[in-house]
Each structure stands twice: as structure tokens, then as C-alpha cells.
Amino acid sequence: MDAKDMGDDLEKVLISEDQIKVRNQEIATEIDADYADKDLLLVGVLKGAVMVMADLSRELHHPCAMDWMAVSSYGAGTTSSGVVRILKDLDMDIKDRNVLIVEDVVDSGLTLSWLVGNLNSRGPASVEIYAMVRKPLAFDVDLKIKYVGFDLPNEFIVGCGLDYAEKYRNLPFIGTLAPHVYGN
Ligand SMILES: O=P(O)(O)OC[C@H]1O[C@H](OP(=O)(O)OP(=O)(O)O)[C@H](O)[C@@H]1O
Ligand code: HPA
Ligand SMILES: [Mg+2]
């Protein structure tokens, strides 16, 4: 899927496919250096992180293992409540492993705050975060994000794993949707 398949549903492209590729290469270089003498386990948060995991991991030269978690934030409305339920747990034991959580977006930061606490309770050697996109609210929570792809303003985005009503994850860029898509 690409911009030409979107008719007038696309409002604007914020980050192009090329920009995403270059940024992933830059961050992969940092990760390769930081984990040069360590084992590395990438933990992707389903479903948003699927594309980011595929893109980032293929830019790494360091061998790494991958595992997946699915979590659900629930509460009133569309914002994360910070109360998180595990829908699918990791297959692997992360005790003494160096874990790098891979996420598409940190918005309120509540999902990741909970996840970092949960993974830290399992006795890993380290837990760090790569987020493709960070939004401004993430600064309001006590969350250290070691690798950030892009800082974007507080508007709803789709593409590269990010969905609206489960659609648009397969756009190769990050963009915004026209108001009519939301029924406005
Ligand atoms: O920082 P927060 O406000 O907690 O929001 C970020 C989380 O919300 C989205 O996932 P979602 O639960 O919508 O599921 P998905 O990955 O399957 O789209 C996104 O992929 C992050 O995991
Ligand atoms: O901007 C967003 N887009 C898609 N999913 C999201 N989950 C939190 N923020 C977003
Ligand atoms: Mg997600």
C-alpha cells in the first residue's frame, strides 16, 4: 500500500519511507556498538511493532533473538489507562538477558511504563527501549527511552505499523489522515 492507494484519505506524509530507512540504519549502528559484546533480545510489542521490528532488525549486524508480547490497555475512552493486561506473554525466559523493547509509538507512555516494570521484575540483565516515534506526553512519565526514531507533535498518525481502526499499518511512511476518515 502506498500514498496513491489512499485516494483523499491521506492528509499529509510526515516521515517518508526513505527517512525511516535512514533513521533505522543510524539507530542500528548505535545498537550494534552498544551491544557489541552482549547478547541481545529484541522484544516487539504486538501488533504495532511488527513493521518496526522487521525494519530495524534487518539493519543490525549484531545477531539478535526476537520475541513478542501482546498487551492491552483498557479503560474509558480512547486513551491508555495505564492498566495493562497481557494477551500474549513472551515465549522466552529473559532472566540475565539484555532486552531491547521495540515499539512503534510512545504516546501517553503508560503502556511502556507498565511493560518496563513487568519485564524488570523477571530479572533481566538490562531493559532498554527503542521507539520509532515519541509524542510529547511521553515526557510526563518517568520513562527512559534510549533510542528514539522521531519526535512528533501530539497528533494521530498512521503507517509503518501504526493503525487507525486496524487499517493503514501497511503504509511504508508515517502520515496523518484527512478529517473525513474519522467521520469529521
Ligand atoms: O503510550 P501509550 O499511550 O500507552 O500508547 C502506545 C501504545 O498504543 C498502541 O498500541 P495499541 O494498544 O493500540 O495496539 P496495537 O499495537 O495492536 O495497535 C501503540 O502500538 C503502543 O503500543
Ligand atoms: O498516533 C497514534 N497512531 C496509532 N496508534 C496509536 N497509539 C497511540 N498513539 C497512536
Ligand atoms: Mg502497540
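Right, let's walk through the structure included here. (Residues numbered from 1 in each chain as written. Chains lettered and ligands numbered in written order. Predicted model: local features only at pLDDT ≥ 70, side-chain atom pairs only at ≥ 80, totals over all residues.)

**Some thoughts on the overall build of the protein**
In step 1: Each helix and strand counted, the protein has 3 helices and 8 strands in total.
In step 2: Along the protein, helices and strands appear, N-terminal first, in the series β-α-β-α-β-β-β-α-β-β-β.
In step 3: The C-alpha atoms of the protein give 16 Å as radius of gyration, which agrees with the globular expectation for 184 residues (16 Å, within 12%).
In step 4: A principal-axis box enclosing the C-alpha atoms of the protein has dimensions of 50 × 40 × 30 Å. (Helix = DSSP H or I, 4+ residues; strand = E, 2+ residues; numbered from the N terminus. Rg over C-alpha atoms; globule rule 2.2 N^0.38 Å.)

**Topic: helix H1 (residues 17-34)**
Each full turn of the α-helix corresponds to 3.6 residues, which orients residues three or four apart in the same direction.
In step 1: With 18 residues, H1 should reach 26 Å at 1.5 Å per residue; the first-to-last C-alpha distance of 26 Å fits that figure.
In step 2: Inspection of H1 places Ile20, Asn24, Ala28 and Ile31 among the buried residues, and these make up the whole buried set. Within H1, the buried residues cover an arc of 70° as seen down the axis, which keeps them to one side. Exposed and oriented more than 90 degrees from the buried face of H1 are Asp18, Val22, Glu30 and Ala33.
In step 3: Tucked inside the fold, the buried residues of H1 contact strand E1 (10-15), helix H2 (50-59) and strand E7 (147-151). (Expected span 1.5 Å × (residues − 1). Buried ≥ 20, exposed ≤ 12 C-beta atoms within 10 Å, placed from the backbone. Arc of directions from axis to C-beta. Contact = placed C-beta atoms within 7 Å.)

**Notes on the site of ligand 2**
In step 1: Inspection of the region around ligand 2 gives Val105, Asp107, Phe156, Ile157, Val158, Leu162 and Asp163 as its neighbouring residues.
In step 2: By residue class, the composition of the shell around ligand 2 is 5 nonpolar, no polar and 2 charged. (Near = placed C-beta within 6 Å. Nonpolar A, V, L, I, M, F, W, Y, C, P; charged D, E, K, R; others polar.)

**With respect to the environment of Asp18**
In step 1: Structurally, the position occupied by Asp18 is in helix H1.
In step 2: With 155 residues separating them in the primary sequence, Asp18 and Phe173 have C-alpha atoms 8.4 Å apart.

**With respect to the nonpolar core**
In step 1: Among the nonpolar cores identified, the biggest contains 38 residues, and Leu42, Val52, Leu100, Ile101, Val102, Ala131 and Cys160 are the most heavily contacted of them.
In step 2: In contact with Cys160, other than residues within four places in its own chain, are Ile20, Met51, Val52, Asp104, Met132, Leu171, Pro172, Phe173 and Ile174. (Core = buried A, V, L, I, M, F, W, Y, C linked by C-beta atoms within 7 Å.)

**Some remarks on unusual backbone geometry**
In step 1: Here the residue pair Leu46 and Lys47 is connected by a cis peptide bond, since its omega of -5° sits within 30 degrees of zero.
In step 2: With respect to the element layout, Lys47 can be found in the loop between strand E2 (41-46) and H2.
In step 3: Notably, Asp96 is not glycine yet its phi reads approximately 65°, a positive angle.
In step 4: Topologically, Asp96 is positioned in the loop between strand E4 (83-88) and strand E5 (98-106).
In step 5: Although it is not a glycine, Glu166 sits at a positive phi angle of roughly 75°.
In step 6: Within the secondary structure layout, Glu166 lies in the loop between E7 and strand E8 (174-177).
In step 7: By C-beta crowding, Glu166 is classed as exposed, having 7 other C-beta atoms within 10 Å.

**Side note on the packing of H1 against H2**
In step 1: Where H1 contacts H2, the two axes come as close as 8 Å, and the packing angle between them is 55°. Judged by the inter-axis angle, H1 sits oblique to H2. Considering how the two elements wind past one another, H1 and H2 form a crossing that is right-handed. Between H1, through Ile20, Asn24, Gln25, Ile27 and Ala28, and H2, the contact on the second element is made entirely by Asp55, Leu56 and Glu59.
In step 2: Within the contact of H1 with H2, the residues separate by chemical class into 4 nonpolar, 2 polar and 2 charged. (Axes fitted to C-alpha atoms, helices over the stretch in contact; angles between N-to-C directions. Parallel < 35°, antiparallel > 145°, perpendicular 65-115°, else oblique. Left-handed = near helix turned anticlockwise from the far one by under 90°.)

That's the geometry; what it means functionally is another story.
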